[in-house]
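The residues making up each chain are set out below.
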Amino acid sequence: MDLRIFTEPQQGATYDTLLTVAKATEDLGFDAFFRSDHYLKMGDVSGLPGPTDAWITLAGLARETKRIRLGTLMTAGTFRLPGVLAIQVAQVDQMSGGRVELGLGAGWYEEEHKAYGIPFPKEKIGRLEEQLEIVTGLWATETGKTYDFHGTYYDLTGSPALPKPAQAKVPVLIGGTGATRTPRLAARFADEFNMPFGSVEDSERQFGRVRDAAAEAGREADAITLSNALVVCVGKDDQEVVRRAAAIGREVDELKANGLAGSPAEVVDKIGRYAEAGSRRMYLQILDLDDLDHLELISGQVQTQLPRL
């Protein structure tokens, strides 16, 4: 089971804070540092000093880290034209020496679009499908040849399909709870499928749908890595769990029901239940980015107890 650190900077974080967390992620042996792609806070937080752009952040981290994977859960398909996104991700992959992964979703948070003047189209899944086809198609086009695409939402003619990523294949992540179209998109384009903030039971059902869709598409059963994203709140004792829950404005019982919370042993046990459901990678949503002791505890007493797959 790979453990990855997942941050939500729209809730309030500077680049320097994110850099500190990314370096701790690397130093403590975690597999990757991922961040959300949002421009507006959610809930009762100030969000100060304001949003940071996901791909600008990852470009900076690409030059200041050496080992960890870097990526998004999930880049909003409404924010960037697919040709521009393909260029951005390829460049950051080059800057990192081939450590980038692209999580791409349809975009859902209408308020942030209104706040920053970003169009919020009604039909998003059809656009996402074309975006996935274009981004992966541009990267896959042989150097010296051109790429054309004529779809419902996007039209590309004679693209040189440059630059290329450092990796021969940038891993593409698709996630969500949709029962039909999401698994089909994953079967067609995804290297990894992520179940966001779902129960063990819901994850197992969705993983089954993705496997079935992959089989129908002629892919091997294990061709798509299955993963979860869950909030995490671990403490050496009950008092520390309560303190950490209060710091992020949550209740311990709710966190235990809907996330990974409690003692290291409790969290290891729950991660094991997700592993039994098919999950092979866990994105730990860290909401208090100033609490580096939390990362150290997870590294030393949770990560070390999990088998590496």
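Computed from a predicted structure; not experimentally measured.

## Focus on the layout of surface pockets
Sizing a probe to match a water molecule and rolling it over the atoms shows the empty space that remains.
Phase 1 of the analysis: Space inside the largest pocket adds up to approximately 1,200 Å³.
Phase 2 of the analysis: Taken together, 47 residues line the largest pocket, and the ones lying closest to its centre are Glu8, His38, Trp108, Phe197 and Gln285.
Phase 3 of the analysis: Partitioned by chemical class, the residues of the lining of the largest pocket number 22 nonpolar, 17 polar and 8 charged.
Phase 4 of the analysis: The calculated volume of the second largest pocket comes to roughly 150 Å³.
Phase 5 of the analysis: Around the second largest pocket sit Gly77, Thr78, Phe79, Arg80, Leu81, Pro82, Pro119, Pro121, Arg127, Gln131 and Tyr154, which together line it.
Phase 6 of the analysis: When grouped by side-chain class, the residues that make up the lining of the second largest pocket number 6 nonpolar, 3 polar and 2 charged.

## Considerations on the pairing of strand β12 (residues 281–286)
Phase 1 of the analysis: Of all 6 residues that make up β12, 6 are buried, and the element is covered over most of its length.
Phase 2 of the analysis: Side-chain alternation along β12 places Arg281, Tyr283 and Gln285 on one buried face and Met282, Leu284 and Ile286 on a second face that is also buried.
Phase 3 of the analysis: Summarising the sheet, strand β1 (residues 2–7) and β12 pair through 6 bridges and their orientation is parallel. When the bridges of β12 are listed, Ile5 appears paired with Leu284.

## A word on the packing of aromatic side chains
Each aromatic ring pair is characterised by the separation of its centres together with the angle its planes make.
Phase 1 of the analysis: Counted according to the given criterion, the structure contains 4 aromatic pairs.
Phase 2 of the analysis: Taken together, a centroid distance of 5.0 Å and an interplanar angle of 70 degrees make the contact between Phe34 and Tyr283 edge-to-face. One end of the pair, Phe34, is in strand β2 (residues 32–35); the other, Tyr283, is in strand β12, with 249 residues separating them in the sequence. Taken individually, Phe34 and Tyr283 each receive the classification buried, so the pair is uniform in this respect.
Phase 3 of the analysis: Counting every residue linked through ring pairs, the aromatic cluster contains Tyr39, Phe79 and Tyr116.

How each quantity is defined
- Residues numbered from 1 in each chain as written.
- Predicted model: local features only at pLDDT ≥ 70, side-chain atom pairs only at ≥ 80, totals over all residues.
- Heavy atoms only, no water.
- 1 Å grid on protein atoms, 1.4 Å probe; cavity = no way out; pocket = protein on both sides within 12 Å on 5 of 7 lines; lining within 4 Å.
- Points joined across faces, edges and corners; volume = space filled by probe spheres on them.
- Nonpolar A, V, L, I, M, F, W, Y, C, P; charged D, E, K, R; others polar.
- Buried < 20%, exposed > 50% of the residue type's maximum accessible area, 1.4 Å probe, protein only.
- Helix = DSSP H or I, 4+ residues; strand = E, 2+ residues; numbered from the N terminus.
- Pairing = 2+ DSSP bridges.
- Phe/Tyr/Trp six-rings, centres within 6.5 Å; stacked < 30°, edge-to-face > 60°.

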